[in-house]
Number of protein chains: 2
Amino acid sequence: MASNVNRRVTLASRPVGFPQESDFSLDEAEVPSPGPGEVLVRSLWVSVDPYQRGRMSTQRSYAKGLELGDVVTAQAVGEVVESNDPRYAPGDVVLGQLGWQDYAVARGGALRKVPPGIEPQLALHVLGQTGLTAYFGLLDVGKAVAGDAVVVSAAAGAVGSIAGQIARIAGCRTVGIAGGADKLEDLRDLYRFDEAIDYKGGYVRTALKAACPEGVDVYFDNVGGEISAAVHPRMNVGARIAICGQVSQYNAERPEPTFYPQLLIVYRARMQGFLVTDYAHRFGEAIPRLARWVASGEIRYRETVTEGLENAPCAFIGMLNGENRGKALVKVSA
Amino acid sequence: MASNVNRRVTLASRPVGFPQESDFSLDEAEVPSPGPGEVLVRSLWVSVDPYQRGRMSTQRSYAKGLELGDVVTAQAVGEVVESNDPRYAPGDVVLGQLGWQDYAVARGGALRKVPPGIEPQLALHVLGQTGLTAYFGLLDVGKAVAGDAVVVSAAAGAVGSIAGQIARIAGCRTVGIAGGADKLEDLRDLYRFDEAIDYKGGYVRTALKAACPEGVDVYFDNVGGEISAAVHPRMNVGARIAICGQVSQYNAERPEPTFYPQLLIVYRARMQGFLVTDYAHRFGEAIPRLARWVASGEIRYRETVTEGLENAPCAFIGMLNGENRGKALVKVSA
């Protein structure tokens, strides 16, 4: 189980436009040794998320970008192998920003324990970053309340599917937008959106008008671009647009401006961006609620699992292409 | 003084792009008679404001547009000539949405008395709509607090000049953007902005960087377009962008989208549109404060007065061209 080799997926070149597998390289290094206060973790699962694309370019963003040769930034859950922090013991399952690699060393304070009794990879999605993103984006940024009409883009994705279900729990009317028959089926049957719109079917504007005859109160936006441009004119007075992601723009060499701020005057509306990490002080409020909703079946999820660390780039590219259903994950080790 | 003729400026044709004088016509009608509960008002001053441009087109907006032949929508202050509402007596000075005309009939409830002891036209700007727009836009939408760096576009205009001064009173560092030497002089000497940027001088981005070395916390935006595109990348984390107007777009046949919502994620920022009329329930809080600041000299203003109702279209076109300094007003009658 333990090995002397640490396989690492690093950034070989900066993607131009859509990432290619050749932008990544798999190398082998020695398993690192934990220093004082540090913990050695063996990865079980690593995550694949749209935000990683931003770290690969040199554009100004909210976090420092990767240098060429760096291990790709990623959340992971793993098992403690060796610990110089009294809070952790070998065998503990922990969550951290450990990267696409077999082994990582981290300071104890940068890790969180995954409670026993839950499947560990849930800490990478519905009970972790994507679930928390949905929770705070919908309720705190979007201020969704009972009776609101809530539209979610990328609604079959890891964040969108949870945002839509929290909106349903909160008494909202929910409309999901996704692409393709499989995802539309998930929206209707698995996540129980009130209305599902296939953007690949065209006529998004017409479908939105039919799905939201009384307008849109909250738009939980994961994609930006043309899909969002179809939603904006349907806003109600006082509407809130939570900007969670703009995945349609992440691979554009030069993103296109698509928004007319004037609309915000017409609708006295608010558009607000957020990062889940800014809510870290409130995770303790949200995680037990998400766990309760998952346990009761009020929140359902789907995982698209890729086996093998070496396939992480492929899983990442597929996710950017929309090939995953639900949360994209890479299983590194049992 | 009273006459039998009511001169009215009406919409003769819908402006295509920039309005022309030929889009308006001056006609004469009989002075209307007030019905039960109504008041006949003789205009003293009529207002000229950017929002009027929106009423002249057929685009969806927050208020019903004008039909051809309608008297142009405008706020006015005037003197009560005849009253069938016991709250008003002949000689009272009142404010209302009376249009570009010599006489108007209004329901008593649609008028507000201008208190004696203030110059009546102030109710059309610093103690009225433009002052209130600045007050609520800066403090309620922009949430400006002491220590914030506040940037104002169209800063020498009727709203911008007051927004900048309220920001100064609130303990903010203030940066105004305007065009041309005369306006820049007003920003520095009359309105006492900490920094003044001439967008006609080019290099707005460079000037902003020098003026806001620690970034921008609040952007009070009256213009949109290229000037705003230069401000957006200077936002600080947690910044607020209050969308008051987008005058650069009002005459565009097809407005250009100029905003990248992705920036709001990078800066966890908020962009929010507003209409001063949504704050009507709080005017009673703001007007006495504005009046006190005007009386103490903490807020200063400038008026650009055009004489004669027949010249209202010309004053309006000049205002859209940025020819006015401070509040553009038309003096109808003494």
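Just above, that's the structure.
Just so it is clear, the structure is predicted and the values come from calculations on it, not from any experiment.

Chemist: Can you break down the packing of helix α2 (residues 129-141) of chain A against helix α3 (residues 158-169) of chain A residue by residue, with the values?
Modeler: Residues and elements named next belong to chain A. For the pair α2 and α3, interaxial distance at closest approach is 8 Å and the crossing angle is 50 degrees. In this view, α2 runs oblique relative to α3, as classed from their interaxial angle. For the pair α2 and α3, the sense of crossing is right-handed. Of α3, the residues touching α2 (which contributes Thr130, Gly131, Thr133, Ala134, Tyr135, Leu138 and Leu139) are Ala158, Val159, Ile162, Ala163, Ile166 and Ala167. Among the residues forming the contact of α2 with α3, the class breakdown is 10 nonpolar, 3 polar and no charged.

Chemist: Before we move on, could you go through unusual backbone geometry and cite the residues and values that matter?
Modeler: A negative phi angle is the norm for most residues apart from glycine, just as the trans form is the norm for most peptide bonds. Residues and elements named next belong to chain A. Positive phi, normally seen in glycine, also occurs at Ala154, with a value near 50 degrees. Ala154 sits in the partly exposed class, given a relative accessible area of 31%. A positive phi angle, near 55 degrees, is found at Arg192, a position not held by glycine. Residue position: Arg192 is located in the loop between α4 (181-190) and β10 (195-198). For Arg192, a relative accessible area of 27% gives the class partly exposed.

Chemist: Please set out the pattern of salt bridges residue by residue, giving values where relevant.
Modeler: The final tally for this structure, using the stated rule, is 30 salt bridges over all chains. The partner of Asp27 of chain A in a salt bridge is Arg8 of chain A, and the shortest N-O contact between them spans 2.9 Å. On the criterion of sequence distance, the pair formed by Asp27 of chain A in strand β2 (residues 24-30) and Arg8 of chain A in strand β1 (residues 5-11) is long-range, its members being 19 residues apart. By relative accessible area, Asp27 of chain A is classed as partly exposed at 24%. Judged by its relative accessible area of 22%, Arg8 of chain A is partly exposed. Between Arg240 of chain B and Asp148 of chain B there is a salt bridge, with its nearest N and O atoms 2.8 Å apart. With Arg240 of chain B in strand β12 (residues 235-243) and Asp148 of chain B in the loop between α2 (129-141) and β8 (149-153), this residue pair connects regions lying 92 residues apart in the sequence.

Chemist: Describe the interface of chain B and chain A, naming the residues involved and giving the relevant values.
Modeler: Across the contact, 32 residues belong to chain B and 32 residues belong to chain A. Taken as a group, Tyr260, Ile265 and Arg268 of chain B account for 22% of the area that chain B buries against chain A, more than any other trio of residues on that side. The interface formed by chain B and chain A contains 2 salt bridges. When the shortest N-O distance is used, the salt bridge between Asp278 of chain A and Arg268 of chain B registers 2.6 Å.

Chemist: Explain the packing of aromatic side chains to me, and be specific about the residues and the numbers.
Modeler: The way to describe two aromatic rings as a pair is by their centre distance and the angle between their planes. Residues and elements named next belong to chain B. All told, the structure shown has 16 aromatic pairs over all chains when counted by the stated rule. Measuring from ring centre to ring centre gives 6.0 Å for Phe24 and Trp100, while their planes differ by 55 degrees; the resulting arrangement is tilted. Of this pair, Phe24 sits in strand β2 (residues 24-30) while Trp100 sits in the loop between β5 (93-96) and β6 (103-107), and the two are 76 residues apart along the sequence. We classify Phe24 as buried; its relative accessible area is 7%. The exposure class assigned to Trp100 is buried, which follows from its relative accessible area of 0%. Arranged with centres 6.4 Å apart and planes meeting at 70 degrees, the rings of Phe220 and Phe274 form a pair that is edge-to-face. Note that Phe220 is positioned in strand β11 (residues 216-221) and Phe274 in the loop between β13 (270-273) and α8 (283-296), a separation of 54 residues in sequence. For Phe274, a relative accessible area of 4% corresponds to the buried category.

Chemist: Could you give an account of the sheet that holds strand β10 (residues 195-198) of chain B, naming the residues involved and the relevant values?
Modeler: Taking strand neighbours across the sheet as the criterion, the 12 strands line up as β10(A)-β9(A)-β8(A)-β11(A)-β12(A)-β13(A)-β13(B)-β12(B)-β11(B)-β8(B)-β9(B)-β10(B) in an open arrangement whose pairing is mixed. Two strands bound the open sheet, and with one partner strand each, they are β10 of chain A together with β10 of chain B. Taking the axes of each pair of neighbouring strands and ignoring which way they run, one obtains an average angle of 15 degrees across the sheet. By the bridge criterion, 3 bridges tie strand β8 (residues 149-153) of chain A to strand β11 (residues 216-221) of chain A in an arrangement that is parallel. Within the sheet, the bridge partner assigned to Val152 of chain A lies in β11 of chain A and is Phe220 of chain A. Packing of helix α5 (residues 204-211) of chain B onto the sheet brings it into contact with β8, β9 (173-178) and β10 of chain B, and relative to β10 of chain B it is tilted by some 175 degrees.

Chemist: Tell me about the state of the cysteines, residues and numbers included.
Modeler: Between two cysteines, a covalent bond joining their sulfur atoms is known as a disulfide. Residue and element names in this part refer to chain B. Taken as a whole, this structure holds 0 disulfides over all chains when the rule is applied. Counting only cysteine sulfurs, Cys212 is the nearest neighbor of Cys172, a cysteine outside any disulfide, at a range of 12 Å. With no disulfide partner, Cys244 has as its closest neighbouring cysteine sulfur the one in Cys172, 16 Å distant.

Chemist: Which residues make up the environment of Asn236 of chain B, and what values do they have?
Modeler: All names here are of chain B. Checked against the element boundaries, Asn236 lands in strand β12. On a C-alpha basis, the gap between Asn236 and Val216 in space is 5.5 Å, while along the polypeptide they are 20 residues apart. Discounting chain neighbours no more than four positions away, the residues touching Asn236 are Glu214, Gly215, Val216, Asp217 and Tyr267. Side-chain polar atoms of Asn236 contact the side chain of Asp217, separated by 3.1 Å.

Chemist: Describe α5 of chain B, and please don't skip the residues or the numbers.
Modeler: Residue and element names in this part refer to chain B. Here α5 has its buried residues at Val204, Leu208 and Ala211. End-on view of α5: buried residues confined to an arc of 65 degrees, all on one side of the axis. What points out from α5, more than 90 degrees from its buried face, is the exposed set Thr206, Lys209 and Ala210. At its buried positions, α5 is contacted by β8, β9, β10 and α6 (225-231).

Chemist: Could you give an account of the nonpolar core, naming the residues involved and the relevant values?
Modeler: Core analysis: the biggest nonpolar cluster contains 56 residues, and Val151, Leu208 and Tyr219 of chain A together with Val151, Leu208 and Tyr219 of chain B have the highest contact counts within it. Apart from residues lying up to four places away in sequence, Leu208 of chain B is in contact with Val151, Ile177, Ile197, Ala230, Val231 and Arg234 of chain B. Core analysis: the second largest hydrophobic core is formed by 40 residues, Tyr135, Cys172, Tyr191 and Ala196 of chain B among them.

Conventions we followed
Residues numbered from 1 in each chain as written. Chains lettered and ligands numbered in written order. Predicted model: local features only at pLDDT ≥ 70, side-chain atom pairs only at ≥ 80, totals over all residues. Heavy atoms only, no water. Axes fitted to C-alpha atoms, helices over the stretch in contact; angles between N-to-C directions. Helix = DSSP H or I, 4+ residues; strand = E, 2+ residues; numbered from the N terminus. Parallel < 35°, antiparallel > 145°, perpendicular 65-115°, else oblique. Left-handed = near helix turned anticlockwise from the far one by under 90°. Contact = heavy atoms within 4.5 Å. Nonpolar A, V, L, I, M, F, W, Y, C, P; charged D, E, K, R; others polar. Buried < 20%, exposed > 50% of the residue type's maximum accessible area, 1.4 Å probe, protein only. Salt bridge = Lys/Arg side-chain N within 4 Å of Asp/Glu carboxyl O. Buried area = accessible area lost by both parts, 1.4 Å probe. Phe/Tyr/Trp six-rings, centres within 6.5 Å; stacked < 30°, edge-to-face > 60°. Pairing = 2+ DSSP bridges. Disulfide = S-S within 2.5 Å. Polar contact = N/O pair within 3.5 Å; in protein donor to acceptor, adjacent residues only side chain to side chain. Arc of directions from axis to C-beta. Core = buried A, V, L, I, M, F, W, Y, C linked by side-chain atoms within 4.5 Å.

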